[in-house]
Amino acid sequence: MNCQKHLFELPEDVHYLNCAYMSPNLRNVEKAGITGVIKKREPWTITPDHFFNDSNRLRKLFAHVVNASKPEDVAILPSVSYGMATVAKNLPVSAGRKIIIAGEQFPSNVYSWRRFCDENKCELTVVEAPENGENRGEKWNYRILEAITTNTLMV
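Q: A description of the pairing of strand S1 (residues 98-102) should follow, citing residues and the corresponding values.
A: With 5 of 5 residues buried, S1 is to be regarded as a mostly interior element. Strand direction decides the pairing type here: S1 and strand S2 (residues 123-127), joined by 5 bridges, are parallel. Across the sheet, the residue bridging to Ile100 is Thr125, located in S2. On the question of chirality, the crossover connecting S1 to the parallel S2 by way of helix H4 (residues 108-120) is right-handed.

Here it is in structure tokens:
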């Protein structure tokens, strides 16, 4: 892959790699955001069709990217915390089961599982990351796989 830095508004001396936490906006995303804010100047011109047309287009494009069977298989949620809470509310309740999460998670992916385990008398297992070094990700994957048992409800 060729360098894509020109697509972002980044100073020459900045190389930002922590995109799992928060990524810089692409220039065209920034432009779309500004366009959206400008549209809100006149909210009376925004109709329900705008919400459905835009979200349906997004679903279709994303379904293509992830090779989903159809756009309706893609859910659009306002935040990770909302999505995790929705999943947690729809899991079968079974006391004594185990939920496994990777360590160093963003809080939105921790709070729902803590609450679920507290409310349902389940065990929350946090698999901490290995020390930095060669094959860190591979080692972490093995740690997660080793934590899975027949009593695991969800990873």
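Q: Before we move on, can you summarise the sheet that holds strand S3 (residues 152-154) with the specific residues and values?
A: The 3 strands are arranged S2-S1-S3 in an open sheet whose pairing can be described as parallel. Looking along the sheet, the strands with just one partner apiece sit at the ends: S2 and S3. Put simply, the sheet's adjacent strands are angled 40 degrees from each other on average, direction ignored. Direction of pairing for S1 relative to S3: parallel, over a ladder of 2 bridges. For Ile99, the partnering residue across the bridge sits in S3 and is Met154. Along the sheet, H4 makes contact with S1, S2 and S3, crossing S1 at roughly 165 degrees.

Definitions and limits used
Residues numbered from 1 in each chain as written. Predicted model: local features only at pLDDT ≥ 70, side-chain atom pairs only at ≥ 80, totals over all residues. Heavy atoms only, no water. Buried < 20%, exposed > 50% of the residue type's maximum accessible area, 1.4 Å probe, protein only. Helix = DSSP H or I, 4+ residues; strand = E, 2+ residues; numbered from the N terminus. Pairing = 2+ DSSP bridges. Right-handed = clockwise from strand over helix to strand, strands pointing away. Axes fitted to C-alpha atoms, helices over the stretch in contact; angles between N-to-C directions. Contact = heavy atoms within 4.5 Å.

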